[in-house]
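Descriptive analysis of the structure
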Amino acid sequence: MLQGQGGGSLFVKSHPKSRNLWVDSPLNPEEAVSRSVAVFDTENLEAGYKVLPIAEWAELGEGPKRVVHPEYNADGTEVWFSVWSGKEQESAIVVVDDMTRTLKHVIKGPKMITPTGKFNIYNTMHDVY
């Protein structure tokens, strides 16, 4: 059993080539928690978790900015997170480098409305989780 940021999680994700275990909490009532993710080192779980400010990295305007659904690319080097806001507010997808746990890229724009379901088809077809 691991202690994370609190309740409200929807997804827990890792990859066979990664040492990281990513945990979202988009349904947590605390804004700081729902706008971030916890990441554990699977080779040192006793160390606890580090919090990454995914929504802050997205640099969005007003809105709830709930971070949800970590999804790996096929080779396990990137993790993609959805940042949800309302349908009239700016949302984004934030790409994080899995090894360094740093921001790589933000995908946003007027057509990015509460992005969900960005499942990696390769990982799904080959049960890479």
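Residues numbered from 1 in each chain as written. Predicted model: local features only at pLDDT ≥ 70, side-chain atom pairs only at ≥ 80, totals over all residues. Heavy atoms only, no water.

1. Points about the pattern of salt bridges
Here is the rule we go by: Counted as salt bridges are all cases of a side-chain nitrogen of Lys or Arg within 4 Å of a carboxyl oxygen of Asp or Glu. Per the convention used, a helix needs a DSSP run of H or I reaching at least four residues, while a strand needs a run of E reaching at least two, with both numbered from the N terminus. Only protein chains enter the calculation, and the probe is 1.4 Å; a residue is then buried if its accessible area is under 20% of its type maximum, exposed if over 50%, and partly exposed in between.
If you walk through the whole model with that rule in mind, you get five salt bridges. A salt bridge links arginine 19 to aspartate 41; its shortest N-O distance comes to 2.5 Å. Pair noted here: arginine 19 is in the loop between β1 (12–13) and β2 (20–24) and aspartate 41 is in strand β3 (residues 37–41), with a separation of 22 residues, a long-range link. A relative accessible area of 42% means that arginine 19 is categorised as partly exposed. Given the relative accessible area of 19%, aspartate 41 is considered buried.

2. A short note on the sheet that holds strand β7 (residues 92–97)
Our working definition: Should DSSP find at least two bridges between two strands, the strands are taken to pair. Fitted lines through C-alpha atoms give the axes, limited to the stretch in contact for helices. The angle between two N-to-C directions lies from 0 to 180 degrees.
Here four strands make up an open sheet; going across it, the order is β5-β6-β7-β8 and the pairing antiparallel. The sheet is open, and its two borders are formed by β5 (66–72) and β8 (102–108), each paired with just one other strand. Taking the axes of each pair of neighbouring strands and ignoring which way they run, one obtains an average angle of 25 degrees across the sheet.

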